[in-house]
Amino acid sequence: MAERKENIDQTTSQSTDNYDGWGFDLFPERRGTYKPNLKNILFQGRGNENLERIKCERKVAYCIKRSPLVKIMMGALRRSGCEVNPSRHIACELCDTSVHGGYDPIMNQVVICQNTATSKGTIQGVLTHELIHMFDSCTRKLDFRNIEHLACTEIRAANLTHCGLVSSILEGHSSIFNFRKKHQDCVKHKATISVLAVRDVTYEQAKEAVEKVFERCYADLEPIGRRIRGKAVDFELAYAEAFLMGYD
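Everything numeric in this text was worked out from a predicted model, so none of it was measured. Residue positions are given per chain, counting from 1 as you read along its sequence in written order. Local features in this predicted model are restricted to residues of pLDDT 70 or higher, and side-chain atom pairs are both shown and tallied only at a pLDDT of 80 or more, whereas totals for entire chains, interfaces and linings draw on every residue. Side-chain numbers here rest on the full set of heavy atoms in the structure, without hydrogens or water.

Turning our eyes to something else, we now look at the state of the cysteines. What counts as a disulfide here is a pair of cysteine sulfur atoms lying within 2.5 Å. Under the criterion given, the structure shown has five disulfides. Here cysteine 82 connects covalently by a disulfide to cysteine 138, the sulfurs 1.7 Å from one another. The chirality of the disulfide connecting cysteine 82 with cysteine 138 is left-handed, given an S-S dihedral of about -55 degrees. Separated by 56 residues along the polypeptide, cysteine 82 in the loop between helix H4 (68–79) and helix H5 (86–89) and cysteine 138 in helix H6 (residues 120–139) bring together distant segments of the chain. Only protein chains enter the accessibility calculation, which uses a 1.4 Å probe. A residue is then buried if its area is under 20% of the maximum for its type, exposed if over 50%, and partly exposed in between. For cysteine 82, a relative accessible area of 0% corresponds to the buried category. The side chain of cysteine 163 participates in a disulfide bridge whose partner is cysteine 186; the two sulfur atoms lie 2.1 Å from each other. Because the sign of the S-S torsion sets the handedness, a value of about -90 degrees for the bond joining cysteine 163 and cysteine 186 places this disulfide among the left-handed ones. Separated by 23 residues along the polypeptide, cysteine 163 in the loop between helix H7 (147–161) and helix H8 (165–170) and cysteine 186 in helix H9 (residues 179–198) bring together distant segments of the chain. Take cysteine 163 and cysteine 186: they sit in the same class, and that class is buried. Each disulfide of the protein joins two cysteines, and with those cysteines numbered along the sequence the arrangement is 1-3, 2-6, 4-5, 7-10, 8-9. Not engaged in a disulfide, the cysteine cysteine 63 finds its nearest cysteine sulfur in cysteine 56; these two sulfurs lie 9.4 Å apart. Numbering of helices and strands starts at the N terminus; helices are DSSP runs of H or I of at least 4 residues and strands are runs of E of at least 2.

In short, shape yes, function no, at least from these values alone.
Encoded structure:
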């Protein structure tokens, strides 16, 4: 999973074209199945998708320009020969309310859920998380049909973008006294849940896949270079240190 590829659109191979296990049921616009009805409009606030999308796209543009972590990922992809064109590779869409975003390996697109990821902070987290999947897809022999490959990239995304001190404590994985020890539990939990979201497997199967590859994938901090503990200074330090990883 360390071989680099020529460019970002080569991540899609013929062998994936007909694969139907990407979890697209969470993204109805990807399926072409979303059509708001009168009930959706009257009781669920639907019918404003275009305005919602415009707001989402503006926040995405802000994060690309201002977020240290997003800038690291964009620079790392560019320096790896996988430059991201936001209008082509990032899409704001209506999603199932259980998710904030996703990565579509067939279209090689990050999906931002315009109806659930509504704050700049949330969009920053989603962008960073999903761009890690794009980075892994571009720079490693990553096969999303392989549950161990999927578990590895979910471990990396959780490790590098989630499980900060505050969120980890609030979710019951850590306390101020055992953060270092319990951080791994938080990453394992989030990675397992992410695998379950896109694969029709049992919790035990997802957990087993995460455990099998955890040690190696947890130790892989590329391209951010450090675990983010939820403080703004961590974001700035990671950005300042990006040159140590060979990226802008």
